[in-house]
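Analysis of the macromolecular model
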Amino acid sequence: DGGLYSPVSLANYDIPYPVFNVGFGVERIAMLLENVSDIRTLVYPQFYAPPSFTDEEIARALKFKEAPQTVAGKRLASKILSAILEHKDEVGPKRFFAGKLGRFAVYVSEPEANKKLLGPAGLNEVYVYEGNVLGINPRDERFKEVVKRGIRVCSYLEAISNLFAALAEKGRTGRHTVKIADTLPSINLELEDAVKKFITANRKRIDVRGPVFIDVEIEEG
């Protein structure tokens, strides 16, 4: 459509010249080109189009549920991780000093006899691959393609070490245990709701699992 604006309307804006307007209907042409059936999803996708997320965006939407807020707390998380990896094959009952935060000392431990300090899934890592969130053993040949083409988010232990450091930062003394990985929160991860809905709506998977069985002891003094 097209035509001249009324001089009365133009006078309201102090425009003394005739103004000709042409509407090309670009939105309708774009609908045809993009095979869009609802113009609202084209013009206002943030309100009407179903959300879509790339693997990179899904990976960025995964966060630690609990994490230390101070520089010292973040250093402690790294020390806890190092202590677990160093002593992962030790057989209990044993405990090993990991680090200190203020007046709180942290130990990684295995309280049970004849049990390793770290469970079989303790070295698993979280990857995003083709819209799926997967907890895998990166050394397993079955997941070679996931490791090659997927996006690594973190290891189970990186997330769990941040949880333990956050507990120490809050002065939560006592024994703390992560036993079984079966959901993202079980290993101290959370995913934004919109991304979670996108994954389930597209019949993709959020699959983290396995026995972790890692303990820390937080003591005051």
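Notes on the structure follow.

Brief notes about the overall build of the protein
- Per the secondary structure count, the protein includes nine helices and 12 strands.
- The principal-axis extent of the C-alpha atoms belonging to the protein is close to 90 × 45 × 25 Å.
- Residues classed as buried in the protein amount to 37% of the 221 residues present.
- Within the protein, counting contacts between residues at least 6 apart in sequence, those at least 24 apart form 66% of the total.
- In the structure as shown, the protein presents an accessible area of about 13,600 Å², 52% of it carried by carbon and sulfur atoms.
- Of the charged side chains in the protein, 31 are positive and 30 negative; the average position of the first set lies 5 Å away from that of the second.

Considerations on the environment of serine 109
- As for its position among the elements, serine 109 is in strand E5 (residues 104-110).
- With a relative accessible area of 1%, serine 109 lands in the buried category.
- Spatially, the C-alpha atom of serine 109 lies 18 Å from that of alanine 159, the residues being 50 residues apart in sequence.
- Apart from residues lying up to four places away in sequence, serine 109 is in contact with Lys94, Arg95, Leu117, Arg175, Asp215 and Glu217.
- A distance of 2.9 Å separates a polar atom in the side chain of serine 109 from a polar atom in the side chain of arginine 175.

What to know about the packing of aromatic side chains
- The final tally for this structure, using the stated rule, is two aromatic pairs.
- Each ring, one from phenylalanine 97 and one from tyrosine 107, has its centre 5.6 Å from the other, and the planes form 70°; the classification is edge-to-face. Within this pair, whereas phenylalanine 97 is found in strand E4 (residues 94-101), its partner tyrosine 107 is found in strand E5, the two being separated by 10 residues in sequence.
- The class for tyrosine 107 is buried, based on a relative accessible area of 18%.

Details of the packing of helix H6 (residues 71-87) against helix H8 (residues 156-169)
- Interaxial distance between H6 and H8 falls to 8 Å at its minimum, and their mutual angle equals 130°. When the axis of H6 is compared with that of H8, the two are oblique. Considering how the two elements wind past one another, H6 and H8 form a crossing that is right-handed. Contacts from Gly73, Leu76, Ala77, Ile80, Leu81, Ile84 and Leu85 in H6 reach Leu157, Glu158, Ser161, Asn162, Phe164, Ala165, Ala168 and Glu169 in H8.
- Split into classes, the residues belonging to the contact of H6 with H8 amount to 10 nonpolar, three polar and two charged.

Things to note about a nonpolar patch on the surface
- Residues Leu4, Phe20, Val22, Phe24 and Val26 make up a contiguous nonpolar surface patch of roughly 580 Å² in combined accessible area.
- Position of phenylalanine 20 relative to the elements: it lies in strand E2 (residues 20-22).
- A residue is classified by how much of its surface remains accessible, and phenylalanine 20, at 55% relative accessible area, is exposed.

Looking at the sheet that holds strand E8 (residues 151-155)
- Strands sit in the order E8-E6-E7-E11 across an open sheet of four strands; the sheet is mixed. Pairing within the sheet leaves two strands with one partner each, and these edge strands are E8 and strand E11 (206-207).
- Bridging between strand E7 (residues 132-136) and E11 involves two bridges; their strand directions are parallel. Across the sheet, residue valine 133 finds its bridge partner in E11, namely isoleucine 206.
- Lying on the sheet, H8 is in contact with strand E6 (125-129), E7 and E8; it crosses E8 at an angle near 45°.

Each value, and the rule that gives it
Residues numbered from 1 in each chain as written. Predicted model: local features only at pLDDT ≥ 70, side-chain atom pairs only at ≥ 80, totals over all residues. Heavy atoms only, no water. Helix = DSSP H or I, 4+ residues; strand = E, 2+ residues; numbered from the N terminus. Buried < 20%, exposed > 50% of the residue type's maximum accessible area, 1.4 Å probe, protein only. Contact = heavy atoms within 4.5 Å. Areas by Shrake-Rupley, 256 points an atom, 1.4 Å probe, with all protein chains shown as cover. Lys, Arg positive; Asp, Glu negative; His and termini not counted. Charge placed at Lys NZ, Arg CZ, Asp CG, Glu CD. Polar contact = N/O pair within 3.5 Å; in protein donor to acceptor, adjacent residues only side chain to side chain. Phe/Tyr/Trp six-rings, centres within 6.5 Å; stacked < 30°, edge-to-face > 60°. Axes fitted to C-alpha atoms, helices over the stretch in contact; angles between N-to-C directions. Parallel < 35°, antiparallel > 145°, perpendicular 65-115°, else oblique. Left-handed = near helix turned anticlockwise from the far one by under 90°. Nonpolar A, V, L, I, M, F, W, Y, C, P; charged D, E, K, R; others polar. Patch = residues over 30% accessible without salt bridge, like charges linked within 9 Å, V, L, I, M, F, W, Y side chains within 5 Å. Salt bridge = Lys/Arg side-chain N within 4 Å of Asp/Glu carboxyl O. Pairing = 2+ DSSP bridges.

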